[in-house]
Amino acid sequence: MGAQMDTKPILAKIESDARAAVADILKEAEDRVLSIHEQADMNLAREKSQTQKEAETESQKVVQRMERLAELENRKELLRQRRLLMDKAFDLALEKLRQLPQEAFSGWLMGRLMSAQGDEQVQAGEHNDAFFTPAFLEQANAQLIKQGKPGQLKDKGGRAPGITGLMLFGHGSEVFLSLESALELKRLDLEMRLAKLLFGE
């Protein structure tokens, strides 16, 4: 019977190779798992970065909207304050205009009356009405006739409350020829110019 071959080295070699193969497989698996985790982390990081960017962009938009609203409110408040100042200025102007000499006030109203059609009823306002006499109407009618108008203005009687000047009644309308109406037109013009300056409208 021949000598038996020693298989221990061969088995050891096989076992060693098997262990190396298993180790390689495990290492590859571990690397793959790590790679998957890293990719997931990178994806998560990118998503987080994108979310942060979107949040920052939205935050900036909100801040900008708030700033625009604040600026608009500031302009509205400025307009309100300017209107209050205009109120006081026009009230003071009305007081001073009511102190005009009667001749100057009468002449100013006579000029306004030339826009009449010539056959209306005329009523004086309750303030500074001393100018309103039959002679005043006669003079107004005479000037209207020179312009080719009827010259038939008539005193309506009574006094128009809160008015400094005249009111015309006729042809289904009422026309104010007063200090108050003249100042109101000036005021509206100033308000429109101020609003355009503040809001660009």
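Quick caveat, the model's predicted, so the values are computed rather than measured. Residue indices follow the written sequence of each chain, beginning from 1 at its first position. Where totals are concerned, whole chains, interfaces and linings use all residues; where local detail is concerned, this predicted model gives features only for residues with pLDDT of at least 70, and gives and counts side-chain atom pairs only at 80 or more. Side-chain calculation: all heavy atoms of the structure are included, whereas hydrogens and water are not.

Notes on a nonpolar patch on the surface
Reasoning step 1: Exposure above 30% relative accessible area and the absence of a salt bridge qualify a residue for a patch, where like charges join within 9 Å and nonpolar side chains (Val, Leu, Ile, Met, Phe, Trp, Tyr) within 5 Å. Using a 1.4 Å probe, the Shrake-Rupley method yields the accessible areas, and only the shown protein chains count as cover for residues. For this analysis, a salt bridge means a side-chain nitrogen from Lys or Arg found within 4 Å of a carboxyl oxygen belonging to Asp or Glu. A contiguous nonpolar patch, built from V62, M66, L69 and L72 and spanning about 340 Å² of accessible area, is present on the exposed surface.
Reasoning step 2: Assignment of secondary structure puts L72 in helix 1 (residues 8–97).
Reasoning step 3: You can call L72 partly exposed: its relative accessible area is 33%. For the purposes of this entry, the term helix denotes a DSSP run of H or I that reaches at least four residues, the term strand denotes a run of E that reaches at least two, and both are numbered from the N terminus. Each residue is assigned to one of three classes by its accessible area relative to the maximum for its type, calculated with a 1.4 Å probe on protein chains only: buried under 20%, partly exposed between the two thresholds, exposed over 50%.

Regarding helix 3 (residues 134–146)
Reasoning step 1: Helix length check: helix 3 (13 residues) gives 19 Å between terminal C-alpha atoms against 18 Å at 1.5 Å per residue, within 8%.
Reasoning step 2: By definition, residues are in contact when any of their heavy atoms lie within 4.5 Å. Those residues of helix 3 that are buried lie in contact with helix 2 (102–113), strand 1 (121–125), strand 2 (154–160) and strand 3 (165–170).
Reasoning step 3: G148, located one to two residues past helix 3, shows a positive phi value of around 85°. Expected helix span is computed as 1.5 Å times (number of residues minus one).

Some details on the side chain of S178
Reasoning step 1: Within the secondary structure, S178 sits in strand 4 (residues 173–178).
Reasoning step 2: S178 sits in the buried class, given a relative accessible area of 1%.
Reasoning step 3: Ignoring anything within four residues of it in the chain, the contact list for S178 reads W108, I163, T164, G165 and L166.

Let's talk about the packing of aromatic side chains
Reasoning step 1: Pairing of aromatic side chains requires ring centres within 6.5 Å, counting the rings of Phe and Tyr and the six-membered ring of Trp. Pairs whose planes differ by under 30 degrees are stacked, by over 60 edge-to-face, and all others tilted. Considering all chains together, one arrives at 5 aromatic pairs under this definition.
Reasoning step 2: Arranged with centres 6.1 Å apart and planes meeting at 70°, the rings of F131 and F132 form a pair that is edge-to-face.
Reasoning step 3: Classification of F131 by relative accessible area gives buried; the value is 3%.
Reasoning step 4: By definition, being over a ring means that NZ of Lys or CZ of Arg is both within 6 Å of the ring centre and within 35 degrees of the ring normal. Its guanidinium or amino end placed over the ring of F169, K156 lies 4.8 Å from that ring's centre, counting from NZ or CZ.

Quick notes on the sheet that holds strand 1
Sheet strands pair via backbone hydrogen bonds, and the direction of the pair is either parallel or antiparallel.
Reasoning step 1: By the convention used here, strands pair only if DSSP detects at least 2 bridges between them. Ordered in space as 2-1-3-4, the 4 strands form an open sheet in which the pairing is mixed. Unpaired on one side and paired on the other, strand 2 and strand 4 mark the two borders of the sheet. Neighbour-to-neighbour, the strand axes of this sheet turn through a mean angle of 25°, independent of strand direction.
Reasoning step 2: Its contacts with the sheet place helix 2 against strand 3 and strand 4, and it is angled at close to 25° to strand 3. For every element, the axis is a line fit to its C-alpha atoms; helices are fit only across the contacting stretch, and the angle between N-to-C directions ranges from 0 to 180 degrees.

What about the pairing of strand 3?
Reasoning step 1: With 5 of its 6 residues buried, strand 3 lies for the most part within the structure.
Reasoning step 2: Bridge count for strand 1 against strand 3 is 4 bridges, and the pairing is antiparallel. Within strand 3, the residue paired with Q123 across the bridge is M167.
Reasoning step 3: Looking at chain direction, strand 3 and strand 4 are connected through 6 bridges and run antiparallel.

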